[in-house]
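Descriptive structure summary
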Amino acid sequence: MPVVGIYNPVCGDQTAKSFFEEHVLPLCKETQVSVSGVLGTERINHVGELVLEFLEKTPIDEVLTVILGCGDGTLHEMINYLSSTEIRGRAGVPPEIHLVIIPCGTANALYSSLFPPAPESSSSTEYRLRSLRSYIVGQESHLVPLTLAITTLSSPPNAKLARPKAVASTVVVSTSLHASILYDSERLRAEMPGIERFKVAAQQNSTKWYNSSAKILPVASLGVVQLYDPDSKEFVSHPDSDEDDPFVDVYGPFAYFVATVNVDRLEPAFRITPLAKDIIPSEATCDLVVVRPFSDPTVSMDTPESRAAFAAKLWDILKGAYENGDHINLRYDEEGNLTTAGDGPFAVEYIRCGGWEWIPDDIDDDAHRICFDGAIYTIEKGGRAVCVAATPQVHAGFMVHA
């Protein structure tokens, strides 16, 4: 089966090329892995163009293996390019692509979820070669299919525009604070290439609330939306979801709204959706983490003072994600203090669902921002975004050596 190597020389700390030359290719040679070509990307979407060229030379009955030196954004580019491009010579037969990931990006969320690192190992050479070593071992059981979150961005009902735009994600689809952080962090990339730029951007957006409503879609096989119950340590049917009316309407303002697929973390130590690995879903679903200020019993109005006071609590909630995902156990006491005891309202709504719909208020520009694996898009005024988790077809789609 054909094997090719592709790396993005400018992602992360811009060391992908040297890492391939010094470690990846020597290991392939040592273990007799024949790599038919090694290329670096040169522009946006070039990774998709390169994979497409190799695919069109690959017989329909063969699997193309790509050793990909990248971050989550490069993988996102590749999947979206291939999903929207006709592959010549395949007569409508979808390709199966096996991915060997060499983590070269900033956060490397997918890789660190597949290979949870010890604090001292996340940058070590041997750690970064684990997916390649899995491929070298050659066991099919080490292949993990990637669930795709397919998001459709729709224009207002009266708009005379082309069909809605669809975007595929393999890590995260987010709005609210997370989308604002990714948007502002891009301006800091040149001076702060590491993950520290995300913390700076977070401070810049700390007091924002986002006005929108959301409709949560049920898990396909269950016919209901699931909500995590920290008391029983399991998912239960959402109290607003049943067989007769499975959809759940959720109203803002929101402080945080993040949905993930395939991952339990967005940075090596930031386990924002820990149950994606602790309670593994049996089908394609989104794990959704929602924080709404009015869940705090001491918040009754949207004022500058309320936003400033709640910002400190939001940071305490998100710090729990760095403590092995303990934020999902936090609740408020009567004074609005965060605790893991008592019977007050939970600070985090942890939802497992088949997808969701986001309808931002026209007057809130920031609520129209949406993030796909680090790429930022804007929802049109009067438009909406609908995200659905998709199960890969058998012998089609993207599989990762893990």
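The structure this text deals with has already been given above.
Here's a quick rundown of the structure. (Residues numbered from 1 in each chain as written. Predicted model: local features only at pLDDT ≥ 70, side-chain atom pairs only at ≥ 80, totals over all residues. Heavy atoms only, no water.)

With that settled, the discussion passes to the sheet that holds strand β13 (residues 256-260). The sheet built from eight strands is open, its strands ordered β11-β10-β17-β14-β13-β8-β19-β20 with antiparallel pairing. With partners counted over all chains shown, the strands left at the sheet margins are β11 (234-237) and β20 (375-378), one partner each. In this sheet, adjacent strand axes meet at a mean angle of 25° when their direction is disregarded. (Pairing = 2+ DSSP bridges. Helix = DSSP H or I, 4+ residues; strand = E, 2+ residues; numbered from the N terminus. Axes fitted to C-alpha atoms, helices over the stretch in contact; angles between N-to-C directions.)

Turning next to the packing of aromatic side chains. Within this structure, the stated rule accounts for 14 aromatic pairs. Ring centres of F257 and W358 lie 4.8 Å apart, and the angle between their planes is 55°; on these two criteria the pair is classed as tilted. Taken as a pair, F257 in strand β13 and W358 in strand β18 (residues 355-360) lie far apart in primary sequence, 101 residues in all. For W358, a relative accessible area of 0% puts it in the buried group. In textbook terms, an aromatic cluster arises when at least three aromatic residues are bridged by ring pairs, as seen for F254, F257, W356 and W358. The ring of F19 has R128 sitting right over it, with the charged end atom 3.9 Å from the ring centre. Of note, R369 hangs over the ring of Y183, and the distance from its end group to the ring centre comes to 3.9 Å. (Phe/Tyr/Trp six-rings, centres within 6.5 Å; stacked < 30°, edge-to-face > 60°. Buried < 20%, exposed > 50% of the residue type's maximum accessible area, 1.4 Å probe, protein only. Lys NZ or Arg CZ within 6 Å of the ring centre and 35° of its normal.)

Turning to the pairing of β18, a few remarks are in order. Counted residue by residue, β18 has five buried out of six residues, so it is predominantly covered. Two elements, strand β9 (residues 212-217) and β18, share six bridges in a ladder whose sense is antiparallel. Bridge pairing links I216 to W356 in β18. Here β18 pairs with strand β21 (residues 384-390) via four bridges, running antiparallel. Of the residues in β21, the one forming a bridge with G355 is V388.

Next up on the list: the sheet that holds β21. Strand order in the open sheet formed by six strands is β7-β6-β21-β18-β9-β12, with antiparallel pairing between adjacent strands. The open sheet has two edge strands, β7 (165-169) and β12 (248-251), and neither has a second partner. Each strand axis lies, on average, 20° off the axis of its neighbour in the sheet, ignoring direction.

An α-helix turns once per 3.6 residues; consequently, residues spaced three or four apart project the same way. Its 16 residues give helix α10 (residues 304-319) an end-to-end C-alpha distance of 23 Å, which sits within 8% of 22 Å, the value for a rise of 1.5 Å per residue. For α10, every residue scored as buried is listed here: S306, F310, A311, K313, L314, W315, I317 and L318. Elements in contact with the buried residues of α10: α7 (176-185), α8 (196-204), β13, β14 (286-291), β15 (331-332) and β16 (338-339). (Expected span 1.5 Å × (residues − 1). Contact = heavy atoms within 4.5 Å.)

The subject of this paragraph is the side chain of R352. Along the polypeptide, R352 turns up in strand β17 (residues 349-353). Taking the relative accessible area as the measure of exposure, R352 reaches 4% and is therefore buried. Here L275 takes part through its backbone oxygen, which lies 3.0 Å from a polar atom of the side chain of R352. Separated by 2.8 Å, the side chain of R352 and the backbone oxygen of I279 make a polar contact. With near-sequence residues (within four places) excluded, R352 lies in contact with V219, V225, Q226, F235, L275, A276, I279, I280, P281, T285, C286 and D287. (Polar contact = N/O pair within 3.5 Å; in protein donor to acceptor, adjacent residues only side chain to side chain.)

Right, let's talk about the nonpolar core for a bit. V51, V66, L75, M78, L99 and Y256 are the most contacted members of the largest nonpolar core, which totals 69 residues. Tallying contributions element by element places helix α2 (residues 46-56) first for this core, with six residues. Structurally, this core is a two-domain feature, drawing no fewer than three residues from each of domain 1 (3-141) and domain 2 (148-390). Among residues more than four places away in sequence, those in contact with L75 are L68, C70, L99, I101, L110, L146 and T170. (Core = buried A, V, L, I, M, F, W, Y, C linked by side-chain atoms within 4.5 Å. Domains from an automatic or database assignment.)

Keep in mind these values describe shape, not function.
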